Amino acid sequence: MDLFSIGFPTALSLENLAYCFAGVFLGTFVGVLPGIGGLTAVALLLPVSFYLDPISALILLAGIYYGAEYGGSTASILLNLPGTASNAVTCIDGYPMTRQGKAGPALFITSVGSFIGGTLGIAVLMALAPALVSLALSFGAAEYFAAMLLGLIAAGTIGRGKPVKSVVMVLLGVCLGLAGIDINSGERRFTYGFFELFDGIPLVVVAMGLFGMSEVIASVGKIKSVTEAGRITLRSMIPDRKDMKASIMPILRGFGVGSFFGPLPGTGPTISAFMAYAIEKRIARQPERFGNGAVEGVAAPESANNAAVQTSFVPTLALGIPGSATMAIMLGALMIHGIQPGPRLMGDHPELFWGLVASFWIGNVLLLVLNIPLIGLWVKLLQIPYRLLYPIILCMICIGVYSISNSVFDVWLVIIFGLVGYGMKLLDLEPAPLLIGFILGPMIEAQFRRALILTGGDYLALMQRPIAAAFFACSALLVGWMVYAMFRRRKARPVEELPEVAEGKTL
Amino acid sequence: MTRSSFLAASIVAAGIVLTGGGAVLAQDYPAQPVNVVIPFPPGGGTDTIGRIVFNKVAEGWSEPVVIQNQPGASGLVGTLSAMREAPDGYTLIMGSTGSILSLAREGMGMDSGAFQIQEVLTPVTQLSADPYVVAVHPSLGVESIEELVALAKSDPDAIPFGSSGIGSASHLTGVLFEQLAGVELRHVPYSGTGEAVPALLGGDIKLMFAPPSSVLPHAEDGALIALAVTSEERSALHPDLPTVAEGGVAGFSAIGWFGLYAPTGVEPGLLEAINTAVTDAMADPAVVEALANQGAAPAPMLPDEYRDWVNADVSMWLELAAIAEAEE
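Residues numbered from 1 in each chain as written. Chains lettered and ligands numbered in written order. Predicted model: local features only at pLDDT ≥ 70, side-chain atom pairs only at ≥ 80, totals over all residues.

**Observations concerning the overall build of chain A**
For chain A, the helix and strand inventory stands at 23 helices and two strands. For chain A, whose C-alpha radius of gyration is 22 Å, the value lies close to the compact-globule estimate of 23 Å for 507 residues. Restricting the contact set of chain A to residue pairs at least 6 apart, pairs at least 24 apart contribute 79%. (Helix = DSSP H or I, 4+ residues; strand = E, 2+ residues; numbered from the N terminus. Rg over C-alpha atoms; globule rule 2.2 N^0.38 Å. Contact = placed C-beta atoms within 7 Å.)

**Notes on the interface of chain B and chain A**
If you look at the interface, chain B gives 46 residues, while chain A gives 41 residues. The set of elements that each furnish at least two residues to the side of chain B that touches chain A consists of helix H2 (45-60), strand E2 (65-69), helix H3 (76-83), strand E7 (186-189), helix H7 (193-202), helix H8 (212-220) and helix H10 (285-293) of chain B. Class assignment for the residues of the side of chain B that touches chain A results in 21 nonpolar, 17 polar and eight charged. (Nonpolar A, V, L, I, M, F, W, Y, C, P; charged D, E, K, R; others polar.)

**Things to note about the sheet that holds E7 of chain B**
All names here are of chain B. Across the sheet, which stays open at both edges, the five strands sit in the order E7-E6-E8-E5-E9 with mixed pairing between neighbours. Taken across any chain shown, the strands that pair with only one partner, and hence form the sheet edges, are E7 and strand E9 (225-229). Adjacent strand axes in the sheet meet at a mean angle of 30°, parallel and antiparallel pairs treated alike. Pairing geometry for strand E5 (residues 133-136) and strand E8 (residues 207-210), over four bridges, is antiparallel. Within E8, the residue paired with Ala135 across the bridge is Met208. (Pairing = 2+ DSSP bridges. Axes fitted to C-alpha atoms, helices over the stretch in contact; angles between N-to-C directions.)

**Quick notes on the domain arrangement of chain B**
Size of an interface: often given as the accessible area lost when the parts come together. Residues and elements named next belong to chain B. Along its sequence, chain B is carved into domain 1 (28-129 + 256-327) and domain 2 (133-253). The gap between the C-alpha centroids of domain 1 and domain 2 is 26 Å. Listed by partner, the interface residues are 14 residues for domain 1 and 14 residues for domain 2. Mapped onto the side of domain 1 that touches domain 2, the elements with two or more residues apiece are helix H4 (97-105) and helix H11 (303-327). Of the residues forming the side of domain 1 that touches domain 2, the biggest block, five residues, is contributed by H11. Looking at the side of domain 1 that touches domain 2 residue by residue, the class counts come to seven nonpolar, six polar and one charged. (Domains from an automatic or database assignment.)

**A few points about the pairing of E2 of chain B**
Residue and element names in this part refer to chain B. Only one face of E2 is buried, namely the one carrying Val65, Ile67 and Asn69, since none of Val66 and Gln68 on the opposite face is buried. Here strand E1 (residues 34-38) runs beside E2; their pairing, made up of five bridges, is parallel. Within the sheet, the bridge partner assigned to Val34 lies in E2 and is Val65. Regarding topology, H2 serves as the crossover connection from E1 to the parallel E2, and that connection is right-handed. (Buried ≥ 20, exposed ≤ 12 C-beta atoms within 10 Å, placed from the backbone. Right-handed = clockwise from strand over helix to strand, strands pointing away.)

**Things to note about the nonpolar core**
Within the largest apolar cluster, 275 residues are counted, with the highest numbers of intra-cluster contacts made by Leu58, Leu61, Phe145, Phe274, Met275 and Leu435 of chain A together with Met208 of chain B. Element by element, the count of residues in this core is highest for helix H6 (residues 103-138) of chain A, at 17 residues. Here this core spans two domains, and each of domain 1 (28-129 + 256-327) and domain 2 (133-253) of chain B adds at least three residues to it. When neighbours within four sequence positions are excluded, Met208 of chain B is seen to be in contact with Ala135, Phe161, Gly162, Ser170, Ala196, Leu200 and Val215 of chain B. (Core = buried A, V, L, I, M, F, W, Y, C linked by C-beta atoms within 7 Å.)

**Looking at the sheet that holds E1 of chain B**
All names here are of chain B. Within the open sheet, the five strands sit side by side as E2-E1-E3-E10-E4. Their pairing is mixed. Looking at the sheet topology across the chains shown, the edges are occupied by E2 and strand E4 (121-131). In this sheet, neighbouring strand axes are inclined to one another by 20° on average, regardless of whether the strands run parallel or antiparallel. Note that E4 and strand E10 (residues 255-263) share nine bridges and pair antiparallel. Looking at the pairing, Leu121 lines up with Pro263 of E10.

**A closer look at the pairing of E5 of chain B**
Residues and elements named next belong to chain B. Burial along E5 is two-sided: the face carrying Val133 and Ala135 and the face carrying Val134 and Val136 are both buried. The pairing of E5 with E9 spans four bridges and is classified as antiparallel. Note that in E9 the partner of Val136 across the bridge is Ile225.

Encoded structure:
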């Protein structure tokens, strides 16, 4: 098999092994630091790749990319500050676990979940790449619209408070997502004369402002520290049998969700993580546990985002189509070396494809080691006294946001979103539904209108495409079930409100 | 860039700030690191071409070149902020048809009524000017421009053609095609080539006027059919592809260029020095090969020549944009 005859020999050369380690180490590092994510690190290291072999360059850059998904959950769990946008959802249950003294098991489960999601993702990438390519290509505007609509309906109520608050937050998110040039008409919406808003508000700005910066502001004057989580030792990390058992299925489902969204250009780890969380909450027997340290709520999204980053290499490597900004940089690194990405990459440069895939296996094992026995290293990074750590984190968030497009404007935006997020905390409004509305809303709008242009305004034609029809049917079922559940609950408990869960609120 | 050179660069930069700069003499240039602002994200066409060329340029300079990506608003964000820097040759700006066209559409360089690039930027040189490729999905059932035109005529407003956005070169090239071939297509805008090409491969859209590197690999693979190049004459990089004009659409010519600019007011000697350095770098065989892989052929010009060419070409694109707007 090519993986063993070409892949591992390439990836195991001393040089490439070193680049793989450097990549995943750096990835974990930038992942752990709130605000700075894989995109920033990959962009910064692009010039370095000039001086490397193309395969070494790719191994290094890819290592950063998937390494950041591992590291990102650490700060979510310990500090309620997401390391990257795709770890934002991990805060919801990860931080309550920490407050219950279960930081160790939470970190353990996310690392194992990441490993399982990641490695199964690689297996899918190897075995099913051609099938995934045709799946991704069969997703036209109608299918995207139908899938994202289902996603929005499913994820709209991922918050822990009253559903109506969640819905309002989702709508607010959708409105924020409208800012920028409308793809279909070229009109400017809510740009207020700022060129910087033409392309809309960057996702990282919203995520880091609402989740990261607001948490820093809220903690001013409060004494809390990672030490409240207790010392994280290897022994303290081993989850009890109950948690272990409770995480297996969510991890596998998370992997399923991640490897579905990963190969679709334009979606990716953040959507996967949110969807995996939403699914767990939907199918849980006691959904009210979510938001209060439900172990499924950390296991599933972390497995999903890692499965998504690995499978997102499918369109990149098999078609030369970048599904995200980070992937575009990796393709750029190849093109600078004169390698033309495209359908022939696998055939023309087998050492590149299989070497990279082999490096994924090696990298994931390295990451497991970095994140379980060596977790103390990263925890230490976050155990700096708070009066020092939080100002540093503020700087990191600003630097991270600035570095995306070297724009001071974005720094102002993240500060504004930090203040808005703080206000939302005071009003007990949750940022997670807002973020999902912000991500999905504009995609739904653009794809819906595009689908209608393509069908010449025929709504029925949208339903006649089998994949889209299946998604519409699921949406209808879900809405029907939600309405049914609501009526049944009303009947059973006519006066009693849903128990408002006070515990686990961070404020 | 290595750490030591970065450190050195920072120290030199600090020194320049402290001594207040002063007039730059062409023979001393560069005496400090040169910033090249790329108003598009890393990994894109402008970025890759800029990096390939300036990697070589930097070898001939005693000072490093710092590539700075400032993406946003089709290149407007980066271009506008870099435009305000001093014309001392230490801030250079990469541009594409798209970014210069965006300036014009914001009314910049339009003081005299017609677009005059020199009002807002000093053109340094063109880097490359390459045709787009007319690519169709096999299910459309056409294999030449003649067949495409015939099909479009028999069924107006039925062939969906994708573009990388409203007013983008890939959109306006389609508008030009409609005008000259006397047909009507159905425009479907996407956000970027990266989103449009999968839609073309999947058959959601059937036609696209796309950058060669984004569609030719799929044409070789049989997933798409490349009908023609959009330039006036055949491209040396793809000699087997006919031109659109050869296919019966007389006078059709649309090419996308990448070029280098500086803020206005660059002293002529300095401008010449930069032009020469870049032109020499583009003559290097390794650079030519790396550019060819991008579907780009080096096409350096003298500053004046480039200025006239940009002004003429932007005016043509603006006319098309006006037609497109009237159609909406």
